[in-house]
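Observations on the model geometry
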Amino acid sequence: MRSWLLLPFVTLAAPGCSDGEEGDGPGPQTVTLIAGETTLDIDTGRGSVELRRGDVAILTLPADAFVLGSVAEVDDSANYDPAPMMNHDPAANEPEGLAWHPGSRLFVQQSTATSVTLRVAHTGGFESEAVFAVAADDRIRAELRPLAAERLAYLGLSAQVGADEAFYGLGEYFDSVNHRGKVRAMQLEATGALESTNNEAHVPIPFVTGTRGFGLFVENPYPAAFDVAKAEPDRVVATFGTGLASSEGLVFHLFAAAHPLDVTRHYYAVTGQPRLPARWGLGPLVWRDENDDQAQVEADLAAIRSLDLATSAIWIDRPYATGVNTFDFDAKKFPDAKGMVAKARALGFRVSLWHTPYLDEKDPSTQSLRDEAKAKGYYPEQSGILLNKWGKPIDLTNPAAFAWWQSWIQKYVDMGIEGFKLDYGEDVVPGIFGARNVWRFADGSDERTMHARFPLFYHSAYAELLEDEGQFLLCRAGTYGDQKNVSVIWPGDLDASFAKHGEQITVDGKKAGAVGGLPAALIAGLSLGPSGFPFFGSDTGGYRHSPPDKELFTRWFQITALSPVMQIGTSTNDVAWEPTAENGFDQEMLGWYRTYTRLHLRLFPYIWTYAQRLKIDGRPIQRALGLAHPELGEHPDDTFLLGDSLLVAPVVLRGKTTRDVMLPEGEWVDWWTGKAFTGGKTVSVAAPLDALPLFLRQGGIVPLLRPTIDTLSPTTDASVDSYATTPGVLWVRIAPGPASKFTLFDGAEIEQEDQGATLSLAKTDGSELKHGVVFEQVGVAKAPSAVTEGGQPLTNAGSLAALEATASGWAFEQGVLLIKVPSGPRTVIVKY
């Protein structure tokens, strides 16, 4: 295959003219568009378009960045998915007469203060226009338009980037947080390399962020692939198989930011703000893959509360209905489903259900629904290969079918169901190598765009029926813009193992590449945040080849506890309080589980504050270390920050009880012991099975709920400690350091400043968190000599237990200092 991916960089000749003059091509030789602190500098003499922030070029589009791909004849029956060719798959079918036509010269056609149109001369006599316009500060909207598209089947961009730059985003991937050296398909594809027989591209997003601070988002739903500095170390190449739609061109967006974490906010400005889950949707949430009956569900609810296991919600996975999908509960197994939901709500749980967009074609219980759907034309006009076991999906592009499906979903909502786990809905794939997998829908679309757009229709059918502030959609698939519907992504069926993605394992006596277990789950979550999906929750313990054993389950719940969403369940119905010979769970592990589920719930005010900040700064809540600190020049897959202040270094290898941790510059404090570490280097730390390596940045402030909290969901049971009943006293973990302030989601503010001999602490109330504060510091060498509030001494309660019974005071015990103050603005001075 002759590939333009391997063409060398071309130094271009251009008309000789000075600024503002015309040469043998129309328009001036240089044009600058100003977008806040970002400029787009076009120089036809050098043949380049540079995205600059300040004096630094962070991305360049040379003339050969604009690429057209022609074939002998564009065939409507052909599948022009470029991914197999770009991956050099030996089974890929190269279209007849394929030729690539990179740009060779640029000419300014016209320009204004906010836009410029370039004519691009391509090899082979082709021409196109490249139009750039300032959309907002640090944001440029652009379009590549072929001037004649008769034989064009592909459109592409080949951006020049830093040769040592790292790249994040592009959706959900499982092998590496840094995409350098990878080819990423933008659609689900068949492969024999993995045990699942597909490439696991459930949430591909054509949006990449470079650590120099640029973002490139190509707003196009056609089959595509990104070569991320694989063919050439200084190029990111995006190729779209547009086929007969090539004349419509390629819309793309260039983003710039001072820090790569800030690039995603521009993506949200273009595609929509992410929809936040209900507060209780952060979890912990517990589920079984198969519930025996209503009695088992209610027994689980009782066990969770009697064992003091912090949990806000459950979902009921299939089978629970008479059939898939009969929009009911099987009366033989669930004789009083409405009463069951009411009982769950009374105990402080919210309830969700598993669902799909199908009617089981083999189940007589769905016959009347199928007859109606067929009679009214609610199925796709033409269906391709089905990737599910039930039948054709409902054609939700048909407004009547959409409304009909919603009318049935509403039955569940009316009985108190407040969320859904939306599985499958991924049947619409572009094809198998050169052949189309033909689908036709009521809105006139087909598989060439609906492979990306079907999730929008599927998910919005449910999202529209749920309250904005109380909804929960856990989805397996997603596409660009779908963050407006989807609350949380879960990665599908990962391995219940420590296997890395692609690692060779034995399945049914045959070698296959693993989908991946715990390491893959961590990488997927870190990839999704900068891709526009900030909430992620993997099946704690894994799914394929369940059950997990004690070690795996423990290491997994340690990670999900420090993730935005904690959901817990496996394919073998393992719950922490039920030991079996297969899983090896025991009372020791149950104690650890209790600690970490409660820690996750206690972190709610910290996590929810970052959730609310998404509409302001767009920064991922969970951040790969290399993205948060690109100055380190390292991009580990197993270290991340939760918010600004917590660094998490989980163990993802079996049998490891120590690990090396790369710490950014500054001082860091062990969460559990208070031991201080100097950053700017790699340190070795102990990691026994019961302890997640977790560090608080010096000067860090982490607000927490009280240690007794059980749930975020409302309850009518006085024995259940719920945030909905009262937010209660706010606890605040601090690591004293230079002056810092943390403003919470409700406007409450916490400040601290270590002045050497004294420590200053201050707080003001918010609209919810207004019932007093307990400041907490661990690893304190000695008791303070004095603690004052508002100039008046606070009483030493003598012990932590005694402090609980007082409205204010302080206590020091075994290296832990607690200082309690009541509501209202307060300033505390601690002297040593």
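The structure reproduced in this document is the subject of the present report. (Residues numbered from 1 in each chain as written. Predicted model: local features only at pLDDT ≥ 70, side-chain atom pairs only at ≥ 80, totals over all residues. Heavy atoms only, no water.)

**Describing the overall build of the protein**
Counting its regular elements, the protein contains 13 helices and 48 strands. Taking 832 residues into account, the globule formula puts the C-alpha radius of gyration at 28 Å, and the protein, at 28 Å, falls close to it. If one aligns the C-alpha atoms of the protein with their principal axes, the spans along those axes are about 85 × 70 × 50 Å. A total of 832 residues make up the protein; the buried ones form 63% of that total. By sequence separation, contacts in the protein at least 24 residues apart represent 68% of the contacts at least 6 residues apart. Of the charged side chains in the protein, 70 are positive and 104 negative; the average position of the first set lies 3 Å away from that of the second. (Helix = DSSP H or I, 4+ residues; strand = E, 2+ residues; numbered from the N terminus. Rg over C-alpha atoms; globule rule 2.2 N^0.38 Å. Buried < 20%, exposed > 50% of the residue type's maximum accessible area, 1.4 Å probe, protein only. Contact = heavy atoms within 4.5 Å. Lys, Arg positive; Asp, Glu negative; His and termini not counted. Charge placed at Lys NZ, Arg CZ, Asp CG, Glu CD.)

**Focus: the pattern of salt bridges**
Proximity of charged atoms lets side chains of opposite charge pair with each other. Applying the stated criterion across every chain, the model contains 46 salt bridges. Between Arg 52 and Glu 50 there is a salt bridge whose closest N-O contact spans 2.7 Å. Each member of the pair, Arg 52 together with Glu 50, is buried. With a shortest N-O distance of 3.7 Å, Asp 76 and Arg 436 are connected by a salt bridge. Placement of the pair is Asp 76 in the loop between strand 5 (66-70) and helix 1 (83-86) and Arg 436 in strand 23 (residues 435-436), with a sequence separation of 360 residues. Linked by salt bridges that have partners in common, Asp 41, Asp 43, Arg 46, Glu 50 and Arg 52 make up one network. (Salt bridge = Lys/Arg side-chain N within 4 Å of Asp/Glu carboxyl O.)

**Observations concerning the sheet that holds strand 30 (residues 622-624)**
Strand order in this open sheet of 6 strands is 30-31-32-37-34-35, and the pairing throughout is antiparallel. Each edge of the sheet is formed by a strand with only one pairing partner; in this case those strands are strand 30 and strand 35 (676-678). Mean inter-strand twist for the sheet, computed between neighbouring axes without regard to direction, equals 30 degrees. Across 3 bridges, strand 31 (residues 640-642) lies against strand 32 (residues 646-648) in antiparallel orientation. Residue pairing in the sheet places Leu 641 in a bridge with Leu 647 of strand 32. In the packing of helix 8 (residues 518-528) onto the sheet, the strands contacted are strand 30 and strand 31, and the crossing angle to strand 30 comes to about 105 degrees. (Pairing = 2+ DSSP bridges. Axes fitted to C-alpha atoms, helices over the stretch in contact; angles between N-to-C directions.)

**Describing the pairing of strand 43 (residues 773-777)**
Looking down a regular strand, the side chains alternate between one sheet face and the other. Judged by how many residues are buried, strand 43 sits mostly within the fold: 5 of 5 residues are covered. Neither face of strand 43 is left uncovered, since the one carrying Val 773, Phe 775 and Gln 777 and the one carrying Val 774 and Glu 776 both have all their residues buried. Note that strand 39 (residues 730-734) and strand 43 share 4 bridges and pair parallel. Each residue of the ladder has a partner; that of Leu 730, found in strand 43, is Val 773. Note: strand 43 against strand 47 (residues 816-821), 5 bridges, orientation antiparallel. Across the sheet, residue Phe 775 finds its bridge partner in strand 47, namely Ile 819.

**Considering empty space enclosed by the protein**
Counted under the stated rule, the structure contains 9 cavities of 30 Å³ or more. Considering only enclosed or pocket space, the largest cavity measures out at about 250 Å³ in volume. Contributions of two or more residues to the lining of the largest cavity are made by strand 13 (204-210) and helix 7 (447-463). It is helix 7 that contributes the most residues to the lining of the largest cavity, 5 residues altogether. Grouping the constituent residues of the lining of the largest cavity by class yields 18 nonpolar, 7 polar and 2 charged. (1 Å grid on protein atoms, 1.4 Å probe; cavity = no way out; pocket = protein on both sides within 12 Å on 5 of 7 lines; lining within 4 Å. Points joined across faces, edges and corners; volume = space filled by probe spheres on them. Nonpolar A, V, L, I, M, F, W, Y, C, P; charged D, E, K, R; others polar.)

**Let's talk about the packing of aromatic side chains**
By the definition in use, this model includes 45 aromatic pairs. Between Phe 327 and Trp 405, the ring centres sit 4.9 Å apart and the planes meet at 80 degrees, which makes this aromatic pair edge-to-face. Taken together, the residues Phe 327 in the loop between strand 19 (313-316) and helix 4 (337-346) and Trp 405 in helix 6 (residues 399-414) connect sequence positions 78 residues apart. With respect to burial, Phe 327 and Trp 405 carry one shared label: buried. Here Phe 604 and Trp 608 contribute two aromatic rings whose centre-to-centre distance is 5.8 Å and whose plane-to-plane angle is 25 degrees, an arrangement assigned as stacked. Taken together, the residues span about one helical turn, with Phe 604 and Trp 608 both in helix 11 (residues 604-617) at a distance of 4 residues. For Trp 608, a relative accessible area of 3% corresponds to the buried category. Among the aromatic residues, ring-to-ring pairing joins Tyr 320, Phe 327, Phe 329, Phe 334, Tyr 378, Trp 404, Trp 405, Trp 408 and Tyr 412 into one connected group. One cation-aromatic arrangement involves Arg 305 over Phe 349; the distance from NZ or CZ to the ring centre is 4.0 Å. Sitting over the ring of Trp 671, Arg 733 keeps its end group 4.0 Å from the ring centre. (Phe/Tyr/Trp six-rings, centres within 6.5 Å; stacked < 30°, edge-to-face > 60°. Lys NZ or Arg CZ within 6 Å of the ring centre and 35° of its normal.)

**Observations regarding the sheet that holds strand 48 (residues 826-831)**
A sheet is described by the order of its strands in space; here 6 strands give the open sequence 40-41-42-48-44-45, paired in antiparallel fashion. Strand pairing shows two members of the sheet lacking a second neighbour, strand 40 (740-743) and strand 45 (792-793), which therefore form its edges. Note that strand 42 (residues 758-764) and strand 48 share 6 bridges and pair antiparallel. Paired with Leu 759 across the bridge in strand 48 is Val 830.

**Section: the packing of helix 3 (residues 294-306) against helix 4**
Their axes nearest at 10 Å, the elements helix 3 and helix 4 cross at an angle of 5 degrees. Taken together, helix 3 and helix 4 sit at an angle that is classed as roughly parallel. Contacts from Gln 294, Val 297, Glu 298 and Leu 301 in helix 3 reach Ala 337, Met 340, Lys 343 and Ala 344 in helix 4. The residue makeup of the contact of helix 3 with helix 4, split by class, is 5 nonpolar, 1 polar and 2 charged. (Parallel < 35°, antiparallel > 145°, perpendicular 65-115°, else oblique.)

**Description of the environment of Asp 468**
Its location among the elements puts Asp 468 in the loop between helix 7 and strand 24 (472-475). The exposed category is assigned to Asp 468, whose relative accessible area is 56%. For the pair Asp 468 and Lys 392, spaced 76 residues apart in the sequence, the C-alpha separation amounts to 30 Å. The residues touching Asp 468, leaving out its near neighbours within four places in the chain, are Arg 275 and Leu 276.

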